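# Residue-level structural notes
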Amino acid sequence: MDVTLRPVREADLDLFEQHTDGPDGTGPLQWFGYRSFHAMRRDFADNGLLSPEGGRFTIEADGAPAGTVSWHQSAWGPLPTSWCWTIGIAVFPGYRGKGIGTQAQRQLAAYLFAHTRAERVQASTDVANIAEQRALSRAGFEREGLIRRAQWREGRWHDQLLYSVLRPQDDA
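Below: a short report on this structure. Nothing here was measured: the structure is a model prediction, and the numbers come from that model. In every chain, residue numbers begin from 1 and rise along the written sequence. Where totals are concerned, whole chains, interfaces and linings use all residues; where local detail is concerned, this predicted model gives features only for residues with pLDDT of at least 70, and gives and counts side-chain atom pairs only at 80 or more. As a convention, hydrogens and water are excluded, and side-chain values are obtained from all of the structure's heavy atoms.

### Some details on helix H1 (residues 10-20)
Think of it in three bands: with a 1.4 Å probe and only protein chains considered, a residue is buried below 20% of the maximum accessible area for its type, exposed above 50%, and partly exposed in between. Counting from the N terminus, the helices are the DSSP runs of H or I reaching at least four residues and the strands are the DSSP runs of E reaching at least two. Three or more residues of H1 are buried, namely Asp12, Leu13, Phe16 and His19. On an axial view of H1, the arc spanned by its buried residues comes to 140°, and they lie on one face. Across H1 from its buried face, at more than 90 degrees, point the exposed residues Glu10, Ala11 and Gln18. Residues count as neighbours in contact if any of their non-hydrogen atoms are within 4.5 Å of one another. Contacts from the buried residues of H1 go to strand E1 (3-7), helix H2 (23-26), helix H3 (38-47), strand E3 (54-61) and strand E4 (64-75). Along the arc lie the directions from the helix axis toward the C-beta atoms.

Written as structure tokens, this is what we have:
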């Protein structure tokens, strides 16, 4: 399957809302309750969901929208010197289990290293999300450790696993 990332188009917003507006679309490990999409639509109108602090792309598989990837700044110290990107992904239900998430996350990390000064790209996933753990590993991310009780979902706290990939070093 040919997987590419592209800037979000206005028509994609309806698809994002449709596929994340309930537990059937997100899956049980990403359902955090109903949310307003007004901020996403406002940000799209303001900046196309691309800003210096983060952004969002549409994942296309064989030319059809198949999900979305996003990134935002995180810090491990003072923001001017110790920031990295944290990425997220949502693959639409009909496209899961086909390697699309692996390809999209690999492409997003490469894009962020090519177009920003970040040294690190990181992602977290639920300890029960074996498919995403495999996708991150196949995309070149290394598992770094357990983040205890980091995510509130379905009335209780859930542990997360932290993964990262570092900027490739020049061989020159």
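After that view of the structure, there is still more to cover.
### Let's talk about the packing of H1 against H3
Inter-axis angles, ranging from 0 to 180 degrees, are taken between N-to-C directions of lines fitted to C-alpha atoms, where helices are fitted over the stretch in contact. Contact geometry of H1 with H3 gives a least axis separation of 11 Å together with a crossing angle of 165°. With respect to each other, H1 and H3 are oriented roughly antiparallel. Handedness of the crossing formed by H1 with H3: right-handed. Contact residues: Glu10, Leu13, Asp14, Phe16 and Glu17 in H1; Met40, Arg41 and Phe44 in H3. Residues of the contact of H1 with H3, tallied by class, amount to four nonpolar, no polar and four charged. Should an angle fall under 35 degrees it is called roughly parallel, over 145 degrees roughly antiparallel, and 65 to 115 degrees roughly perpendicular, with every other angle called oblique. Each crossing is labelled by how the near helix is turned from the far one, with a counterclockwise turn of less than a right angle marking it left-handed and a clockwise turn marking it right-handed. In the scheme used here, Gly and all other residues not listed as nonpolar or charged are polar, with Ala, Val, Leu, Ile, Met, Phe, Trp, Tyr, Cys and Pro taken as nonpolar and Asp, Glu, Lys and Arg as charged.

### A few points about the environment of Pro93
Take Pro93: it is sitting in the loop between strand E5 (83-91) and helix H5 (100-115). Under the relative-accessibility criterion, Pro93 is labelled partly exposed at 34%. Considered as a pair, Pro93 and Gly67 are 26 residues apart in the sequence and their alpha carbons are 8.9 Å apart. The residues touching Pro93, leaving out its near neighbours within four places in the chain, are His19, Asp24 and Gly25.

### As for the nonpolar core
Only buried Ala, Val, Leu, Ile, Met, Phe, Trp, Tyr and Cys residues count toward a nonpolar core, and they belong to the same one when joined by side-chain atoms within 4.5 Å. Counting residues in hydrophobic clusters, the biggest one holds 25 residues, and the most contacted among them are Ile59, Trp71, Ile87, Leu108, Leu112, Val121 and Phe141. Sorting the residues of this core by element identifies E3, E4, E5, H5, strand E6 (120-126) and strand E8 (156-166) as the ones contributing at least two each. The dominant element in this core, judged by the number of residues it contributes, is H5, at six residues. Beyond its immediate chain neighbours, meaning those up to four positions away, Leu108 contacts Leu5, Phe57, Val69, Ser70, Trp71 and Ile87. Judged by nonpolar contacts, the second largest core, of eight residues, contains Phe16, Phe37, Met40 and Leu49.

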